[in-house]
Amino acid sequence: MIVVMNRNATEQQLETVLQKIRCFGLEANISRGAERTIIGAIGDVRKLDTGMFNLMPGVEQSMHIVKPYKIVAREWHKDSTIIDISGVPLGGERLQMIAGPCSVETRQQMDESAMHVREAGCRLMRGGAFKPRSSPYSFQGQGVDGLAMFRTAADKQGLPMVTELMDVRMLDTFMEYGVDVIQIGTRNMQNFDLLKEVGRLKTPVILKRGMSATISEWLMAAEYIAAGGNHNIIFCERGIRTFETAYRNMLDVTAIPVLKKETHLPVIVDPSHAGGKAWMVPALARAAVAAGADGLLVEMHPRPVEAWCDADQALNPQELRRLCLEVEAIAVLVRPAGLQNDVPLEVEIRAA
Ligand code: PEP
Ligand code: MN
(Lines give C-alpha, C1' and ligand atoms only; values in the text may rest on other atoms or scores of the structure.)
(Ligands and ions follow the chains in the order given, each with its own letter.)
Protein backbone atom coordinates (compact mmCIF):
# COMPACT_ATOMS: atom_id res chain seq x y z
CA MET A 1 0.00 0.00 0.00
CA ILE A 2 1.29 3.44 -0.82
CA VAL A 3 -0.07 6.78 0.32
CA VAL A 4 0.67 9.77 -1.87
CA MET A 5 0.56 13.09 0.01
CA ASN A 6 -0.60 16.38 -1.52
CA ARG A 7 2.10 18.75 -2.70
CA ASN A 8 1.28 21.11 0.14
CA ALA A 9 0.63 18.56 2.85
CA THR A 10 1.94 19.68 6.23
CA GLU A 11 4.39 17.77 8.44
CA GLN A 12 1.56 17.28 10.93
CA GLN A 13 -0.65 15.67 8.27
CA LEU A 14 2.21 13.41 7.26
CA GLU A 15 2.74 12.41 10.88
CA THR A 16 -0.96 11.52 11.31
CA VAL A 17 -0.76 9.16 8.34
CA LEU A 18 2.40 7.54 9.73
CA GLN A 19 0.72 7.00 13.09
CA LYS A 20 -2.25 5.38 11.43
CA ILE A 21 -0.02 2.93 9.56
CA ARG A 22 1.96 2.11 12.70
CA CYS A 23 -1.14 1.52 14.79
CA PHE A 24 -1.83 -1.44 12.52
CA GLY A 25 1.56 -2.86 13.49
CA LEU A 26 3.10 -1.95 10.13
CA GLU A 27 6.24 -0.07 9.27
CA ALA A 28 6.19 3.07 7.18
CA ASN A 29 8.80 4.09 4.66
CA ILE A 30 8.91 7.77 3.70
CA SER A 31 10.14 8.85 0.30
CA ARG A 32 10.48 12.63 -0.06
CA GLY A 33 10.55 13.61 -3.72
CA ALA A 34 11.00 17.07 -5.22
CA GLU A 35 7.27 17.27 -5.93
CA ARG A 36 5.61 15.24 -3.25
CA THR A 37 6.06 12.77 -0.45
CA ILE A 38 5.09 9.13 -0.77
CA ILE A 39 4.63 6.79 2.18
CA GLY A 40 4.95 3.07 1.71
CA ALA A 41 3.32 0.74 4.26
CA ILE A 42 5.35 -2.42 4.81
CA GLY A 43 4.09 -5.65 6.32
CA ASP A 44 0.75 -7.39 6.07
CA VAL A 45 -0.93 -4.55 4.20
CA ARG A 46 -4.11 -6.56 3.72
CA LYS A 47 -5.20 -4.98 7.00
CA LEU A 48 -5.28 -1.61 5.29
CA ASP A 49 -7.92 -0.19 3.08
CA THR A 50 -7.59 2.78 0.75
CA GLY A 51 -10.74 4.22 2.32
CA MET A 52 -8.84 4.62 5.59
CA PHE A 53 -6.47 7.13 4.00
CA ASN A 54 -8.18 8.78 1.07
CA LEU A 55 -10.20 11.19 3.19
CA MET A 56 -7.38 12.12 5.55
CA PRO A 57 -6.19 15.73 5.33
CA GLY A 58 -3.11 16.06 3.17
CA VAL A 59 -3.60 12.74 1.36
CA GLU A 60 -3.93 12.87 -2.39
CA GLN A 61 -4.44 9.19 -3.05
CA SER A 62 -3.72 5.82 -1.56
CA MET A 63 -3.53 2.54 -3.41
CA HIS A 64 -2.74 -1.11 -3.10
CA ILE A 65 0.15 -1.62 -5.46
CA VAL A 66 -0.19 -5.30 -6.03
CA LYS A 67 -3.42 -6.95 -7.09
CA PRO A 68 -3.56 -10.70 -7.16
CA TYR A 69 -5.04 -10.60 -10.66
CA LYS A 70 -3.62 -8.83 -13.63
CA ILE A 71 -4.85 -9.73 -17.13
CA VAL A 72 -8.49 -9.42 -16.15
CA ALA A 73 -7.96 -6.18 -14.20
CA ARG A 74 -9.15 -2.86 -15.54
CA GLU A 75 -6.04 -1.42 -14.03
CA TRP A 76 -4.13 -3.03 -16.88
CA HIS A 77 -6.68 -2.56 -19.62
CA LYS A 78 -8.72 0.61 -19.31
CA ASP A 79 -11.24 0.09 -22.10
CA SER A 80 -14.11 -2.33 -21.71
CA THR A 81 -13.57 -5.49 -23.71
CA ILE A 82 -16.17 -6.47 -26.27
CA ILE A 83 -16.28 -10.21 -26.85
CA ASP A 84 -17.23 -11.45 -30.27
CA ILE A 85 -19.43 -14.51 -29.90
CA SER A 86 -19.71 -15.89 -33.40
CA GLY A 87 -20.58 -12.42 -34.67
CA VAL A 88 -22.61 -11.26 -31.65
CA PRO A 89 -20.85 -8.58 -29.58
CA LEU A 90 -21.09 -8.87 -25.82
CA GLY A 91 -19.83 -6.13 -23.52
CA GLY A 92 -20.41 -3.26 -25.89
CA GLU A 93 -23.17 -0.72 -26.07
CA ARG A 94 -25.88 -3.24 -26.71
CA LEU A 95 -27.48 -5.34 -24.00
CA GLN A 96 -27.42 -9.02 -24.98
CA MET A 97 -30.01 -11.60 -23.97
CA ILE A 98 -29.14 -15.28 -23.73
CA ALA A 99 -32.17 -17.47 -23.22
CA GLY A 100 -33.24 -21.07 -23.46
CA PRO A 101 -34.16 -24.07 -21.38
CA CYS A 102 -32.25 -25.24 -18.34
CA SER A 103 -31.61 -28.54 -20.05
CA VAL A 104 -31.75 -29.97 -23.52
CA GLU A 105 -34.60 -32.49 -23.53
CA THR A 106 -35.88 -33.38 -26.98
CA ARG A 107 -35.46 -32.25 -30.57
CA GLN A 108 -38.92 -30.73 -30.58
CA GLN A 109 -38.34 -28.90 -27.29
CA MET A 110 -35.07 -27.45 -28.63
CA ASP A 111 -36.57 -26.46 -31.99
CA GLU A 112 -39.47 -24.71 -30.30
CA SER A 113 -37.21 -23.08 -27.75
CA ALA A 114 -34.86 -21.74 -30.40
CA MET A 115 -37.76 -20.27 -32.32
CA HIS A 116 -39.11 -18.52 -29.21
CA VAL A 117 -35.66 -17.27 -28.20
CA ARG A 118 -35.14 -15.69 -31.58
CA GLU A 119 -38.65 -14.29 -31.78
CA ALA A 120 -38.19 -12.61 -28.40
CA GLY A 121 -35.18 -10.80 -29.87
CA CYS A 122 -32.45 -12.72 -28.02
CA ARG A 123 -29.24 -13.13 -29.99
CA LEU A 124 -27.84 -16.16 -28.10
CA MET A 125 -29.29 -19.43 -26.82
CA ARG A 126 -28.56 -21.42 -23.69
CA GLY A 127 -29.25 -25.08 -22.79
CA GLY A 128 -27.44 -27.70 -20.76
CA ALA A 129 -26.59 -31.08 -22.24
CA PHE A 130 -24.56 -32.02 -19.15
CA LYS A 131 -26.33 -31.07 -15.96
CA PRO A 132 -24.74 -30.66 -12.52
CA ARG A 133 -27.57 -32.03 -10.39
CA SER A 134 -27.52 -32.22 -6.61
CA SER A 135 -28.83 -35.78 -6.71
CA PRO A 136 -27.19 -38.54 -8.74
CA TYR A 137 -30.68 -39.94 -9.38
CA SER A 138 -31.95 -36.78 -11.07
CA PHE A 139 -31.84 -36.32 -14.84
CA GLN A 140 -28.20 -35.75 -15.73
CA GLY A 141 -28.70 -34.28 -19.19
CA GLN A 142 -28.85 -35.73 -22.68
CA GLY A 143 -25.08 -35.68 -23.04
CA VAL A 144 -23.61 -35.76 -26.52
CA ASP A 145 -27.04 -36.37 -28.10
CA GLY A 146 -28.11 -33.17 -26.41
CA LEU A 147 -25.27 -31.24 -28.01
CA ALA A 148 -26.40 -32.49 -31.41
CA MET A 149 -30.04 -31.50 -30.79
CA PHE A 150 -28.93 -28.10 -29.56
CA ARG A 151 -26.63 -27.48 -32.53
CA THR A 152 -29.35 -28.31 -35.05
CA ALA A 153 -31.99 -26.18 -33.33
CA ALA A 154 -29.65 -23.23 -32.80
CA ASP A 155 -28.43 -23.32 -36.40
CA LYS A 156 -31.96 -23.23 -37.77
CA GLN A 157 -32.46 -19.90 -36.00
CA GLY A 158 -28.94 -18.58 -36.48
CA LEU A 159 -28.25 -18.50 -32.73
CA PRO A 160 -24.84 -19.16 -31.17
CA MET A 161 -25.05 -21.86 -28.48
CA VAL A 162 -24.08 -21.51 -24.83
CA THR A 163 -23.68 -24.76 -22.90
CA GLU A 164 -22.05 -26.00 -19.72
CA LEU A 165 -18.83 -28.01 -19.65
CA MET A 166 -18.32 -30.07 -16.52
CA ASP A 167 -15.72 -32.60 -17.55
CA VAL A 168 -12.53 -31.75 -19.34
CA ARG A 169 -12.77 -35.05 -21.26
CA MET A 170 -15.72 -33.55 -23.16
CA LEU A 171 -13.76 -30.62 -24.48
CA ASP A 172 -12.94 -32.14 -27.88
CA THR A 173 -16.58 -33.10 -28.34
CA PHE A 174 -17.62 -29.55 -27.52
CA MET A 175 -15.25 -28.32 -30.21
CA GLU A 176 -16.62 -30.85 -32.72
CA TYR A 177 -20.10 -29.46 -32.18
CA GLY A 178 -18.81 -25.92 -32.49
CA VAL A 179 -20.02 -24.84 -29.07
CA ASP A 180 -19.92 -21.05 -29.28
CA VAL A 181 -19.67 -20.30 -25.56
CA ILE A 182 -18.50 -22.68 -22.86
CA GLN A 183 -20.29 -22.17 -19.57
CA ILE A 184 -18.39 -22.98 -16.39
CA GLY A 185 -21.02 -23.49 -13.73
CA THR A 186 -21.09 -22.29 -10.17
CA ARG A 187 -19.92 -25.66 -8.85
CA ASN A 188 -16.83 -25.56 -11.03
CA MET A 189 -15.73 -21.97 -10.63
CA GLN A 190 -12.68 -23.14 -8.76
CA ASN A 191 -12.07 -26.33 -10.69
CA PHE A 192 -8.65 -25.06 -11.61
CA ASP A 193 -7.78 -27.86 -14.01
CA LEU A 194 -10.94 -27.21 -15.96
CA LEU A 195 -10.18 -23.49 -15.98
CA LYS A 196 -6.66 -24.13 -17.27
CA GLU A 197 -7.99 -26.30 -20.11
CA VAL A 198 -10.53 -23.74 -21.32
CA GLY A 199 -7.75 -21.21 -20.98
CA ARG A 200 -5.92 -22.94 -23.84
CA LEU A 201 -8.75 -22.22 -26.28
CA LYS A 202 -10.08 -19.05 -27.84
CA THR A 203 -13.74 -20.04 -27.35
CA PRO A 204 -15.56 -17.50 -25.14
CA VAL A 205 -16.20 -18.71 -21.60
CA ILE A 206 -19.01 -17.70 -19.26
CA LEU A 207 -17.62 -18.03 -15.77
CA LYS A 208 -20.41 -18.28 -13.25
CA ARG A 209 -19.75 -17.12 -9.74
CA GLY A 210 -19.18 -19.87 -7.21
CA MET A 211 -22.12 -19.94 -4.84
CA SER A 212 -19.95 -18.81 -1.93
CA ALA A 213 -17.12 -17.18 -3.84
CA THR A 214 -15.83 -13.73 -3.03
CA ILE A 215 -15.37 -11.32 -5.88
CA SER A 216 -11.62 -11.61 -5.48
CA GLU A 217 -11.75 -15.42 -5.76
CA TRP A 218 -13.94 -15.06 -8.81
CA LEU A 219 -11.51 -12.65 -10.45
CA MET A 220 -8.67 -15.04 -9.65
CA ALA A 221 -10.58 -17.91 -11.25
CA ALA A 222 -10.93 -15.79 -14.39
CA GLU A 223 -7.22 -15.04 -14.21
CA TYR A 224 -6.57 -18.79 -14.46
CA ILE A 225 -8.38 -18.83 -17.80
CA ALA A 226 -6.73 -15.62 -18.98
CA ALA A 227 -3.27 -16.77 -17.94
CA GLY A 228 -3.54 -19.64 -20.43
CA GLY A 229 -4.16 -17.18 -23.27
CA ASN A 230 -7.96 -17.14 -23.48
CA HIS A 231 -9.08 -13.61 -22.71
CA ASN A 232 -12.64 -14.14 -23.94
CA ILE A 233 -14.19 -14.34 -20.49
CA ILE A 234 -17.63 -13.23 -19.38
CA PHE A 235 -18.49 -13.05 -15.69
CA CYS A 236 -21.95 -14.26 -14.70
CA GLU A 237 -23.47 -13.37 -11.33
CA ARG A 238 -26.11 -15.98 -10.48
CA GLY A 239 -26.82 -15.38 -6.83
CA ILE A 240 -24.89 -16.41 -3.75
CA ARG A 241 -25.66 -18.58 -0.75
CA THR A 242 -26.83 -16.70 2.31
CA PHE A 243 -28.90 -17.51 5.40
CA GLU A 244 -32.08 -16.59 3.50
CA THR A 245 -34.38 -19.40 2.39
CA ALA A 246 -37.19 -17.41 0.77
CA TYR A 247 -35.50 -17.67 -2.61
CA ARG A 248 -32.93 -19.95 -4.18
CA ASN A 249 -29.92 -17.64 -4.01
CA MET A 250 -29.41 -13.98 -3.23
CA LEU A 251 -28.71 -11.96 -6.36
CA ASP A 252 -25.68 -9.86 -5.54
CA VAL A 253 -26.51 -6.73 -7.51
CA THR A 254 -23.63 -4.94 -5.81
CA ALA A 255 -21.22 -7.29 -7.55
CA ILE A 256 -22.14 -5.72 -10.90
CA PRO A 257 -20.71 -2.21 -10.36
CA VAL A 258 -17.84 -3.67 -8.35
CA LEU A 259 -16.86 -6.03 -11.16
CA LYS A 260 -17.34 -3.38 -13.82
CA LYS A 261 -14.84 -1.29 -11.91
CA GLU A 262 -12.37 -4.11 -11.28
CA THR A 263 -12.40 -5.77 -14.67
CA HIS A 264 -12.63 -4.71 -18.30
CA LEU A 265 -14.45 -7.95 -19.16
CA PRO A 266 -18.23 -8.17 -19.65
CA VAL A 267 -20.53 -8.94 -16.73
CA ILE A 268 -23.85 -10.68 -17.20
CA VAL A 269 -26.49 -11.82 -14.73
CA ASP A 270 -28.56 -14.98 -14.40
CA PRO A 271 -31.73 -13.95 -12.57
CA SER A 272 -33.26 -17.44 -12.96
CA HIS A 273 -30.90 -19.33 -10.65
CA ALA A 274 -30.95 -16.43 -8.21
CA GLY A 275 -34.71 -16.20 -7.69
CA GLY A 276 -35.46 -19.82 -8.40
CA LYS A 277 -39.07 -18.87 -9.23
CA ALA A 278 -40.26 -17.53 -12.57
CA TRP A 279 -42.23 -14.71 -10.98
CA MET A 280 -39.09 -13.25 -9.43
CA VAL A 281 -37.09 -13.27 -12.64
CA PRO A 282 -38.35 -10.01 -14.23
CA ALA A 283 -37.68 -7.93 -11.10
CA LEU A 284 -34.16 -9.30 -10.70
CA ALA A 285 -33.46 -8.92 -14.40
CA ARG A 286 -34.56 -5.28 -14.40
CA ALA A 287 -32.38 -4.57 -11.37
CA ALA A 288 -29.40 -6.20 -13.03
CA VAL A 289 -29.70 -4.19 -16.23
CA ALA A 290 -30.24 -0.97 -14.28
CA ALA A 291 -27.07 -1.76 -12.31
CA GLY A 292 -25.03 -2.09 -15.50
CA ALA A 293 -25.11 -5.75 -16.53
CA ASP A 294 -24.00 -6.29 -20.13
CA GLY A 295 -26.44 -9.11 -20.66
CA LEU A 296 -28.77 -11.62 -19.06
CA LEU A 297 -28.82 -15.41 -19.04
CA VAL A 298 -32.43 -16.47 -18.61
CA GLU A 299 -34.18 -19.83 -18.48
CA MET A 300 -37.19 -20.22 -20.75
CA HIS A 301 -39.15 -23.35 -21.64
CA PRO A 302 -41.89 -23.65 -24.29
CA ARG A 303 -44.09 -25.24 -21.59
CA PRO A 304 -42.52 -24.71 -18.15
CA VAL A 305 -44.73 -27.27 -16.39
CA GLU A 306 -43.18 -29.95 -18.59
CA ALA A 307 -39.55 -28.94 -17.99
CA TRP A 308 -37.29 -31.79 -16.89
CA CYS A 309 -35.11 -29.48 -14.83
CA ASP A 310 -35.69 -26.18 -12.98
CA ALA A 311 -39.35 -26.00 -14.05
CA ASP A 312 -40.20 -23.48 -11.29
CA GLN A 313 -37.90 -20.82 -12.60
CA ALA A 314 -38.52 -21.14 -16.33
CA LEU A 315 -40.28 -18.28 -18.07
CA ASN A 316 -42.76 -19.17 -20.77
CA PRO A 317 -42.19 -17.73 -24.26
CA GLN A 318 -44.58 -14.82 -23.71
CA GLU A 319 -42.94 -13.90 -20.42
CA LEU A 320 -39.55 -13.94 -22.12
CA ARG A 321 -40.82 -11.65 -24.85
CA ARG A 322 -42.17 -9.22 -22.32
CA LEU A 323 -38.98 -9.33 -20.28
CA CYS A 324 -36.88 -8.55 -23.34
CA LEU A 325 -38.93 -5.45 -24.00
CA GLU A 326 -38.77 -4.31 -20.39
CA VAL A 327 -35.02 -4.68 -20.04
CA GLU A 328 -34.52 -3.09 -23.43
CA ALA A 329 -36.39 -0.04 -22.16
CA ILE A 330 -34.05 0.13 -19.16
CA ALA A 331 -30.99 -0.39 -21.34
CA VAL A 332 -32.03 2.62 -23.40
CA LEU A 333 -31.67 4.73 -20.27
CA VAL A 334 -28.52 3.28 -18.79
CA ARG A 335 -26.38 2.18 -21.72
CA PRO A 336 -24.48 4.71 -23.80
CA ALA A 337 -25.85 3.63 -27.15
CA GLY A 338 -29.28 5.01 -26.38
CA LEU A 339 -31.93 3.17 -28.34
CA GLN A 340 -30.70 -0.38 -28.75
CA ASN A 341 -33.21 -1.70 -31.25
CA ASP A 342 -35.21 -0.34 -34.12
CA VAL A 343 -38.48 -1.35 -32.47
CA PRO A 344 -40.83 1.42 -31.31
CA LEU A 345 -40.56 0.49 -27.63
CA GLU A 346 -43.70 2.02 -26.22
CA VAL A 347 -45.88 0.36 -28.80
CA GLU A 348 -44.14 -2.97 -28.33
CA ILE A 349 -44.37 -2.88 -24.54
CA ARG A 350 -48.08 -2.17 -24.66
CA ALA A 351 -48.55 -4.98 -27.15
CA ALA A 352 -46.69 -7.60 -25.11
C1 PEP B 1 -27.32 -23.54 -15.31
O2 PEP B 1 -27.10 -22.42 -15.81
O3 PEP B 1 -28.02 -24.37 -15.86
C4 PEP B 1 -26.73 -23.87 -14.00
C5 PEP B 1 -26.65 -25.11 -13.58
O6 PEP B 1 -26.35 -22.79 -13.32
P7 PEP B 1 -25.44 -22.63 -12.00
O8 PEP B 1 -24.11 -23.24 -12.33
O9 PEP B 1 -25.41 -21.15 -11.82
O10 PEP B 1 -26.16 -23.34 -10.89
MN1 MN C 1 -31.07 -24.45 -14.42
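Treat the numbers as computed from the prediction; the structure is a model and nothing was measured.

Please provide a residue-by-residue account of the coordination of the manganese ion (ligand 2), values included.
Distances from the manganese ion (ligand 2) to its protein donors, C102 (SG), H273 (NE2), E299 (OE) and D310 (OD), fall at 2.0 to 2.4 Å. Positions of the donor residues of the manganese ion (ligand 2) along the chain correspond to the pattern C-x170-H-x25-E-x10-D. Here the residue E299 occupies a position in strand β14 (residues 295–299), and D310 occupies one in the loop between β14 and α11 (317–334), the gap between them amounting to 11 residues.

Would you mind going over the packing of helix α10 (residues 281–290) against α11 in detail, with residue names and values included?
Any two packed helices are characterised by how steeply their axes cross, that is the angle between the axes, and by the distance between the axes. Relative to each other, α10 and α11 sit at 20 degrees, their axes nearing to 9 Å. One element, α10, and the other, α11, form an angle in the roughly parallel class. Crossing of α10 over α11 shows right-handed handedness. Side by side, α10 and α11 meet where V281, P282, A285, R286, V289 and A290 of the first sit next to L323, E326, V327, I330, A331 and V334 of the second. In terms of residue class, the contact of α10 with α11 is made up of 10 nonpolar, no polar and 2 charged.

Give me the environment of A246: which residues, what numbers.
Here A246 lies in the loop between β12 (233–237) and α8 (255–262). Along the backbone, A246 and V289 are 43 residues apart, and their C-alpha atoms lie at a distance of 23 Å.

Which residues make up the domain arrangement of the protein, and what values go with them?
Partitioning the protein into structural domains gives domain 1 (2–63) and domain 2 (83–351). A C-alpha centroid distance of 44 Å is found between domain 1 and domain 2.

Can you explain the packing of aromatic side chains? Please cite residues and give values.
Applying the stated criterion across every chain yields a total of 4 aromatic pairs. Taking the centre distance of 5.4 Å and the plane angle of 80 degrees together, the rings of W218 and F235 count as edge-to-face. Of the two residues, W218 is situated in helix α7 (residues 215–227) and F235 in strand β12; the sequence distance between them amounts to 17 residues. The ring of W76 has K70 lying over it, and the distance from NZ or CZ to the ring centre is 4.9 Å.

I'd like a description of the pairing of strand β9 (residues 161–164), backed by residues and values.
Across the two faces of β9 the burial is the same, with M161 and T163 and V162 and E164 all buried. Where strand β8 (residues 124–126) lies against β9, 2 bridges are found, and the strand directions are parallel. Of the residues in β9, the one forming a bridge with M125 is M161. Where the polypeptide runs from β8 across helix α4 (residues 143–157) and back to β9, its parallel neighbour, the crossover connection is right-handed. Pairing between β9 and strand β10 (residues 181–184): 3 bridges, direction parallel.

Can you tell me about the site of ligand 1, naming the residues and giving the values?
Neighbouring residues of ligand 1: R126, K131, P132, E164, Q183, G185, T186, R187, K208, R238, H273 and E299. A distance of 2.8 Å is found between an oxygen atom of ligand 1 and a side-chain nitrogen or oxygen belonging to K131. A distance of 2.8 Å separates an oxygen atom of ligand 1 from a polar atom in the side chain of K208. Protein contact buries 97% of the 300 Å² of open area that ligand 1 shows by itself. Per-class residue counts for the shell around ligand 1 are 1 nonpolar, 4 polar and 7 charged.

The rules we used
- Residues numbered from 1 in each chain as written.
- Chains lettered and ligands numbered in written order.
- Predicted model: local features only at pLDDT ≥ 70, side-chain atom pairs only at ≥ 80, totals over all residues.
- Heavy atoms only, no water.
- Donors = N, O, S within 2.8 Å, 3.2 Å for Na, K, Ca; no water.
- Helix = DSSP H or I, 4+ residues; strand = E, 2+ residues; numbered from the N terminus.
- Axes fitted to C-alpha atoms, helices over the stretch in contact; angles between N-to-C directions.
- Parallel < 35°, antiparallel > 145°, perpendicular 65-115°, else oblique.
- Left-handed = near helix turned anticlockwise from the far one by under 90°.
- Contact = heavy atoms within 4.5 Å.
- Nonpolar A, V, L, I, M, F, W, Y, C, P; charged D, E, K, R; others polar.
- Domains from an automatic or database assignment.
- Phe/Tyr/Trp six-rings, centres within 6.5 Å; stacked < 30°, edge-to-face > 60°.
- Lys NZ or Arg CZ within 6 Å of the ring centre and 35° of its normal.
- Buried < 20%, exposed > 50% of the residue type's maximum accessible area, 1.4 Å probe, protein only.
- Pairing = 2+ DSSP bridges.
- Right-handed = clockwise from strand over helix to strand, strands pointing away.
- Near = heavy atom within 4 Å.
- Polar contact = N/O pair within 3.5 Å; in protein donor to acceptor, adjacent residues only side chain to side chain.
- Areas by Shrake-Rupley, 256 points an atom, 1.4 Å probe, with all protein chains shown as cover.

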